[in-house]
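Each chain, written out:
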Amino acid sequence: CATCHGPDGRGNGPAAPSLIPRPRDLTRGVFKYKSTPADQPPSNDDLHRVVANGLQASAMPYFRDLLTADEIRDVVAYIKTLSSTFAGPAPEPVRIPPRPPADAASVGRGRSLYADLGCDGCHGADGGRRETLRDATQLPVVTRDLTAPWTFAGGSDPEQVWLRLDSMSSLSPMPSYADSTTPADRW
């Protein structure tokens, strides 16, 4: 872990300068791929999922075949000691509403919302644009090609995509849409 995240968890390991996006600074307590509201830390399950499964299409490997479940739990416990963000009560995951059936009307509403919310500004009208933006720490982040779901670092399951729209952290150039859209709009 220290090769990328550094010996003190600050994202300053020897491999960090060559990685885009840069490894997470675990001391900040700000995480992108989680099931909790944008202003709350990730749950233990969220951290476990990232350590166990990695983040596809990124330098974050999976460790489920190298570490036992107990060892992954120990790594998660250690990560939580690196930031005071975890000092409060355990956060509750966001409730994901049932996914409505996709039909022509819902796809049309989604297309309209995609344009109205400005998604096309970063991802392109067809969803395939790759653009380098800057995160809150001014490090480069490349926008996801939405036509290539295998590149979605947080996962391409519909529920994971819904969570990205709902719970994106303040670190990311992509905002959370929890306050500007309804749960149905995010579906």
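Our structure is the block above this text.
Below is a summary of the structure that appears in this document. Since the structure is predicted, the reported quantities are computational estimates derived from the model, not experimental observations.

Rules used in this analysis
- Residues numbered from 1 in each chain as written.
- Predicted model: local features only at pLDDT ≥ 70, side-chain atom pairs only at ≥ 80, totals over all residues.
- Heavy atoms only, no water.
- Salt bridge = Lys/Arg side-chain N within 4 Å of Asp/Glu carboxyl O.
- Buried < 20%, exposed > 50% of the residue type's maximum accessible area, 1.4 Å probe, protein only.
- Helix = DSSP H or I, 4+ residues; strand = E, 2+ residues; numbered from the N terminus.
- Polar contact = N/O pair within 3.5 Å; in protein donor to acceptor, adjacent residues only side chain to side chain.
- Contact = heavy atoms within 4.5 Å.
- Expected span 1.5 Å × (residues − 1).
- Core = buried A, V, L, I, M, F, W, Y, C linked by side-chain atoms within 4.5 Å.
- Axes fitted to C-alpha atoms, helices over the stretch in contact; angles between N-to-C directions.
- Parallel < 35°, antiparallel > 145°, perpendicular 65-115°, else oblique.
- Left-handed = near helix turned anticlockwise from the far one by under 90°.
- Nonpolar A, V, L, I, M, F, W, Y, C, P; charged D, E, K, R; others polar.

Moving on: the pattern of salt bridges. Counting across every chain of the model gives 5 salt bridges. Between Asp8 and Arg10 there is a salt bridge; the shortest N-O distance is 3.2 Å. Taking the relative accessible area as the measure of exposure, Arg10 reaches 47% and is therefore partly exposed. Note that Arg49 is salt-bridged to Asp46, the shortest N-O span being 2.4 Å. Pair noted here: Arg49 and Asp46 are both in helix H2 (residues 44-53), with a separation of 3 residues, about one helical turn.

With that settled, the discussion passes to unusual backbone geometry. Looking along the chain, the bond that leaves Ile20 and enters Pro21 is cis, with omega of 0 degrees. Looking at where Pro21 falls in the secondary structure, it is placed in the loop between helix H1 (2-5) and H2. Positive phi, normally seen in glycine, also occurs at Gln138, with a value near 70 degrees. Note that Gln138 resides in the loop between strand S1 (132-134) and strand S2 (140-142).

A separate point is the environment of Asp116. Mapped onto the elements of the fold, Asp116 is located in helix H4 (residues 104-116). Given the relative accessible area of 61%, Asp116 is considered exposed. On a C-alpha basis, the gap between Asp116 and Ala38 in space is 22 Å, while along the polypeptide they are 78 residues apart.

Another aspect to go through is the side chain of Thr27. Along the chain, the position of Thr27 falls in the loop between H1 and H2. At a separation of 3.4 Å, a polar atom in the side chain of Thr27 contacts the side chain of Arg10. Polar contacts involving the side chain of Thr27 include one to the side chain of Asp25, which spans 2.5 Å. In this structure, Thr27 is in contact with Asp8, Gly9, Arg10, Leu82 and Ser83, ignoring residues within four places of it in sequence.

Attention shifts here to H4. Three or four residues apart is the spacing at which side chains of an α-helix point the same way, because the helix has 3.6 residues per turn. Given a rise of 1.5 Å per residue, 13 residues ought to cover 18 Å, and the 18 Å separating the end C-alpha atoms of H4 matches this to within 8%. For H4, the side-chain oxygen to backbone nitrogen distance between the N-cap and Ala105 is 3.2 Å, and the N-cap itself is Asp103. Just downstream of H4, Gly118 is the residue with a positive phi angle, here 85 degrees.

This brings us to the nonpolar core. Counting residues in each nonpolar core, the largest one holds 11 residues, listed as Leu26, Phe31, Leu47, Val51, Ala52, Phe63, Ile72, Val76, Ile79, Leu82 and Phe86. Of all the secondary-structure elements, those providing two or more residues to this core are H2 and helix H3 (69-81). Apart from the residues within four sequence positions on either side, Leu26 is in contact with His5, Gly9, Phe31, Ile79, Leu82 and Ser83.

Before going further, it helps to examine the packing of H2 against H3. Two elements in contact, H2 and H3, have axes whose closest approach is 9 Å; the angle formed by their N-to-C orientations is 120 degrees. Overall, the two elements H2 and H3 adopt an arrangement that is oblique. As for how H2 packs across H3, the hand of that crossing is right-handed. Taken together, the residues of H3 that come into contact with H2 (itself represented by Asn44, Leu47, His48, Val51 and Ala52) are Ala69, Ile72, Arg73, Val75, Val76, Ile79 and Lys80. Classifying every residue of the contact of H2 with H3 by side-chain character gives 8 nonpolar, 2 polar and 2 charged.

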